[in-house]
Amino acid sequence: RLDADLERLARAGDAAAALGSPFVLTGCGSLHPTHGYGPHPGNHDAATRARLVAALRRAGPRAADAGVAIALEAHVTTTLADPATIAGILGAVGHPAVRLNLDPVNLLGTIDDAFANGERMREAARVLGPWYAPTAHLKDVVVRPELVVHIDEVPPGEGILDLDAYVAIVRSLGPDVRSEEHTSE
């Protein structure tokens, strides 16, 4: 299945290049049996991280050959669950065509994270800035007062996302945000 997934990603890269897009946006997947962003206890294992690094090391050169880069979508339920883990994985991959899409709401996994989202975004930008692609998703976040707390996505302006922090980080994104000192080559 990995070979088929990598081939599908490569075809997406070819299509993106043909359309003039510099990036292919993709998730890193999940071990959940039916959902690409589904929670699974194995998503955070060292062995899963190692498999992801190996796969991205194969995907990066192929994307670069097509003239595009990969912008990964992170999420707390996947292997790309938190800034330190993401930085470790992308550092181990060490290829400039493997980047990260800015989507800070996806890294808010606790109530404290949701309420302190501006600081969490700034912390993530300090750790992940060198790997961010010049791509971003904007959505908002609310904490709902259910018996089991729900952290939900809502349209921009309908929640508590620190939009000033978000915009400041987006303004720092650009094609040259990845410095060579972060590669492992």
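Within each chain, residues carry numbers counting from 1 in the order of the written sequence. Selection of residues for local features in this predicted model requires a pLDDT of at least 70, selection of side-chain atom pairs for listing and counting requires 80 or more, and totals for whole chains, interfaces and linings are taken over all residues. The side-chain quantities take in all heavy atoms of the structure and omit both hydrogens and water.

Attention shifts here to the overall build of the chain. To qualify as a helix, a DSSP run of H or I must reach at least 4 residues; to qualify as a strand, a run of E must reach at least 2; elements of each kind are numbered from the N terminus. When you go through the chain residue by residue, the secondary structure sums to six helices and six strands. The secondary structure elements of the chain, listed N-terminal to C-terminal, are α-β-α-β-α-β-α-α-β-β-β-α. Taken over the C-alpha trace, the chain has a radius of gyration of 16 Å; the compact-globule value for 185 residues is 16 Å, and the two agree within 12%. Based on the C-alpha atoms only, the size of the chain along its principal axes is roughly 45 × 35 × 30 Å. Contacts: residue pairs with any heavy atoms within 4.5 Å of one another. The long-range share in the chain, meaning contacts at least 24 apart out of those at least 6 apart in sequence, stands at 71%. Put simply, the chain shows about 9500 Å² of open surface, and 56% of that area lies on carbon and sulfur atoms. One finds the centroid of the 16 positive side-chain charges in the chain at a distance of 5 Å from the centroid of its 24 negative side-chain charges. We take the radius of gyration over the C-alpha atoms and set the globule estimate at 2.2 Å times the residue count to the 0.38 power. Surface accessibility in these figures is a Shrake-Rupley result with a 1.4 Å probe; residues are shielded only by whichever protein chains are displayed. The positive count covers Lys and Arg only, the negative count covers Asp and Glu only, and His and the chain ends enter neither. Throughout, a charge is located at the NZ atom of Lys, the CZ atom of Arg, the CG atom of Asp or the CD atom of Glu.

All right, on to the sheet that holds strand β1 (residues 23-27) then. At least two bridges found by DSSP between two strands are what make those strands a pair. The four strands lie next to each other as β1-β2-β3-β4, forming an open sheet whose pairing is parallel. Of all the strands in the sheet, just β1 and β4 (132-136) have a single pairing partner and so form its edges. Along the sheet, successive strands turn relative to each other by an average axial angle of 35 degrees, direction set aside. Between the N-to-C directions of two axes lies an angle of 0 to 180 degrees, each axis being a line fitted to C-alpha atoms and, for a helix, fitted only over the stretch in contact.

Okay, the pattern of salt bridges next. The rule for a salt bridge is simple: a side-chain nitrogen of Lys or Arg has to be within 4 Å of a carboxyl oxygen of Asp or Glu. Applying the stated criterion across every chain yields a total of eleven salt bridges. Two residues, Glu-7 and Arg-62, come together in a salt bridge whose shortest N-O distance is 3.0 Å. Of the two residues, Glu-7 sits in helix α1 (residues 2-19) while Arg-62 sits in helix α2 (residues 46-66), which places them 55 residues apart along the sequence. Between Arg-126 and Glu-119 there is a salt bridge, and its shortest N-O distance comes to 3.0 Å. Accessibility expressed as a relative area gives 56% for Arg-126, which makes it exposed. The classification of residues rests on relative accessible area computed with a 1.4 Å probe and restricted to protein chains. Under 20% of the type maximum is buried, over 50% is exposed, and intermediate values are partly exposed. With a relative accessible area of 30%, Glu-119 lands in the partly exposed category.

The periodicity of an α-helix, 3.6 residues per turn, causes residues three or four places apart in sequence to face the same way. In a helix, the anticipated span is given by 1.5 Å times the number of residues less one. Its twelve residues give helix α5 (residues 117-128) an end-to-end C-alpha distance of 16 Å, which sits within 8% of 16 Å, the value for a rise of 1.5 Å per residue. Among the residues making up α5, those that are buried are Asn-117, Gly-118, Met-121, Ala-124 and Leu-128. Summarising the axial view, the buried residues of α5 lie within an arc of 125 degrees, below the 170-degree limit, and thus occupy one face. Turning to α5, the residues buried within the fold contact α3 (83-93), β3 (98-102), α4 (111-115), β4, β5 (140-144) and α6 (163-172). Each C-beta atom gives one direction from the helix axis, and the arc is the one those directions make.

Let's shift gears to empty space enclosed by the protein. Two kinds of site are reported from a 1 Å grid over the protein atoms alone, namely cavities, where a 1.4 Å probe fits but cannot get out, and pockets, open sets with protein on both sides within 12 Å along at least five of seven lines, and residues are called lining when an atom falls within 4 Å of a point. Grid points are joined across faces, edges and corners, and a volume is the space filled by probe spheres set on the points. Applying the stated criterion across every chain yields a total of one cavity of 30 Å³ or more. One number sums up the size of the largest cavity: a volume of about 50 Å³. Residue lining of the largest cavity: Ala-74, Leu-100, Asn-101, Asp-103, Pro-104, Leu-107 and Tyr-132, and that is the complete set. Following the grouping adopted for this structure description, the nonpolar residues are Ala, Val, Leu, Ile, Met, Phe, Trp, Tyr, Cys and Pro, the charged ones are Asp, Glu, Lys and Arg, and the polar ones are all others, Gly among them. Tallied by class, residues from the lining of the largest cavity come to five nonpolar, one polar and one charged.

Along the chain, pLDDT gives the predictor's confidence residue by residue, from 0 to 100. Averaged over the chain, the pLDDT score is 92; the fraction of residues at 70 or greater is 94%. Counting contacts from residues 176-185, a segment whose pLDDT is below 50, to residues more than four positions away or on other chains yields 23 contacts.

Moving on, we come to a nonpolar patch on the surface. Only residues whose relative accessible area exceeds 30% and that form no salt bridge enter a patch; like-charged residues are grouped when within 9 Å of one another, and nonpolar side chains (Val, Leu, Ile, Met, Phe, Trp, Tyr) when within 5 Å. Residues Ile-111, Phe-115, Val-149 and Ile-160 make up a contiguous nonpolar surface patch of about 340 Å² in total accessible area. Among the secondary structure elements, Phe-115 is positioned in helix α4. In this structure Phe-115 comes out as exposed when scored by relative accessible area, which is 56%.

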